[in-house]
Amino acid sequence: MPDSSDTDSEQIARRAYATFAERYDAAASTKPHNALYERPASWALLGDVKGQDVVDAGCGSGICSEKLAREGAKVSAFDITPEMTKLARKRCAGLDVDVREGDLAKPLDWLASDSADAILCSLALDYVEELRPVFAEFHRIARPGGRLVFSMGHPMRDWGDSRTRGVADYFATNRWGLHWGGFGEPKPYVESYRRPLQDILNGLSDAGWRLDRFVEPLPMAEMAVVDPEHFAELSQSPAFICMRAIK
């Protein structure tokens, strides 16, 4: 574990993904946990985006940004990792996608208030220590009636893993790291934050959002063929949560 004094969420995400951005981009489009598990669940919550202004917050290499644009959205995308934004610009070249560098833990001052019909934040909030300010910024930029769709690690899945839990109790937010498989060698070391479910839901409510839908996704049937081990595991116990909230 790193020195506990080094708690800059910007450095956590940037340092990790900079080391394997191209490998991530090559794998994540089809990697079962993404393509056959989290992404379909989040997309179902997002719904139709044709003709809408959509923010892709923590866009990574632009996989969702590209899909949003091809479905008719005008996309404002950002990520903290320069290596990722470079890949996102390349992937989304010629599409109605504006890609910038931006930090979820800081004000999104280039995005106007009441300007977004929808905000998508796919598996990015785990790298931010304090969620309330992020949800407040999302609320500011969303139009009245706008929706926020986000996914995160499932708190109980994280709590049940001794590597994630460490010596902290369930009610504490703690930072942890793990070498990820599935992206080639050397295995990247990725740090994130584990926190209780109440901190996520209360942070959302405190920022003015109304929870509309809470999903503990099941893997798609196709995953049983390409990754039967994880299909069986995820069919019994969820790894992620996906939520939709309305302003």
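Residues numbered from 1 in each chain as written. Predicted model: local features only at pLDDT ≥ 70, side-chain atom pairs only at ≥ 80, totals over all residues. Heavy atoms only, no water.

## Some words on the pattern of salt bridges
Right, on to step 1. On inspection of all chains with the given rule, the structure shows 15 salt bridges.
Right, on to step 2. The residue E66 makes a salt bridge to R91 at a minimum N-O spacing of 3.4 Å. Of this pair, E66 sits in helix 4 (residues 63-70) while R91 sits in helix 5 (residues 82-91), and the two are 25 residues apart along the sequence.
Right, on to step 3. With relative accessibility at 23%, the residue R91 sits in the partly exposed group.
Right, on to step 4. Across the salt bridge formed by D212 and R244, the nearest N and O atoms sit 2.7 Å from each other. Of this pair, D212 sits in strand 8 (residues 210-215) while R244 sits in strand 9 (residues 240-246), placing them 32 residues apart in sequence.
Right, on to step 5. Members of the salt-bridge network, linked through shared partners, are D25, E66, R70 and R91. (Salt bridge = Lys/Arg side-chain N within 4 Å of Asp/Glu carboxyl O. Helix = DSSP H or I, 4+ residues; strand = E, 2+ residues; numbered from the N terminus. Buried < 20%, exposed > 50% of the residue type's maximum accessible area, 1.4 Å probe, protein only.)

## Structural notes on the nonpolar core
Nonpolar side chains tend to gather and get buried jointly when the protein is soluble and globular.
Right, on to step 1. Membership of the largest hydrophobic core comes to 28 residues, with the highest contact counts inside it found for L104, I119, L125, F135, F138, F150 and W209.
Right, on to step 2. Contributing elements (two or more residues each) for this core: strand 1 (53-57), strand 4 (116-122), helix 6 (132-141), strand 5 (142-153), helix 9 (197-206) and strand 9.
Right, on to step 3. Those residues in contact with F138 that lie beyond four places of it in its chain are A57, L104, L108, I119, C121, L148 and W209.
Right, on to step 4. Counting residues in hydrophobic clusters, the runner-up holds 21 residues, among them C64, L68, V75 and A118. (Core = buried A, V, L, I, M, F, W, Y, C linked by side-chain atoms within 4.5 Å. Contact = heavy atoms within 4.5 Å.)

## Comments concerning the side chain of S122
Right, on to step 1. With respect to the helices and strands, S122 occurs in strand 4.
Right, on to step 2. There is a polar contact of 3.0 Å between the side chain of S122 and the side chain of E38. (Polar contact = N/O pair within 3.5 Å; in protein donor to acceptor, adjacent residues only side chain to side chain.)

## Some points on the packing of aromatic side chains
Right, on to step 1. Counted according to the given criterion, the structure contains 14 aromatic pairs.
Right, on to step 2. Measuring from ring centre to ring centre gives 5.6 Å for Y17 and Y127, while their planes differ by 90°; the resulting arrangement is edge-to-face. With Y17 in helix 1 (residues 9-18) and Y127 in the loop between strand 4 and helix 6, the pair connects residues that are 110 residues apart, well separated along the chain. When sorted by exposure, Y17 lands in the same class as Y127, which is buried.
Right, on to step 3. Both rings, one in F20 and one in F183, keep their centres 5.4 Å apart while their planes meet at 65°; by these two values the pair is edge-to-face. (Phe/Tyr/Trp six-rings, centres within 6.5 Å; stacked < 30°, edge-to-face > 60°.)

## Concerning the side chain of R244
Right, on to step 1. A distance of 2.9 Å separates the side chain of R244 from the backbone oxygen of L45, its partner in a polar contact.
Right, on to step 2. Residues within four places of R244 in sequence aside, it is in contact with A44, L45, R147, L148, V149, R210, L211, D212 and R213.

## Some details on helix 6
One turn of the α-helix equals 3.6 residues, which is why residues spaced by three or four share an orientation.
Right, on to step 1. When helix 6 is considered as a whole, its buried residues turn out to be V134, F135, E137, F138, H139 and I141.
Right, on to step 2. The secondary structure elements touched by the buried residues of helix 6 are strand 1, strand 4, strand 5 and helix 9.

## Considerations on the packing of helix 3 (residues 32-46) against helix 4
Right, on to step 1. One can describe the packing of helix 3 onto helix 4 by two numbers: an axis separation of 13 Å at closest approach and a directional angle of 40°. Of the two elements, helix 3 crosses helix 4, and the hand of that crossing is right-handed. Touching R39, W43 and L46 of helix 3 are I63, C64, K67 and L68, all from helix 4.
Right, on to step 2. Looking at the contact of helix 3 with helix 4 residue by residue, the class counts come to five nonpolar, no polar and two charged. (Axes fitted to C-alpha atoms, helices over the stretch in contact; angles between N-to-C directions. Left-handed = near helix turned anticlockwise from the far one by under 90°. Nonpolar A, V, L, I, M, F, W, Y, C, P; charged D, E, K, R; others polar.)

## With respect to the confidence of the model for the protein chain
Right, on to step 1. For the protein chain, the mean per-residue pLDDT works out to 93, and 96% of the residues sit at or above 70.
Right, on to step 2. Considering only residues more than four positions removed or in separate chains, one finds that residues 1-7, a stretch of pLDDT under 50, has 13 contacts. (pLDDT = per-residue confidence, 0-100.)

## What about unusual backbone geometry?
Right, on to step 1. Look at the link from E185 to P186: it is a cis peptide, with omega at -5°.
Right, on to step 2. Position of P186 among the secondary structure elements: in the loop between strand 6 (174-179) and strand 7 (189-194).
Right, on to step 3. Within the chain, D114 stands out as a residue other than glycine whose phi angle is a positive 55°.
Right, on to step 4. With respect to the helices and strands, the residue D114 is situated in the loop between strand 3 (97-101) and strand 4.
Right, on to step 5. Looking at D114, the relative accessible area reads 41%, which means it is partly exposed.

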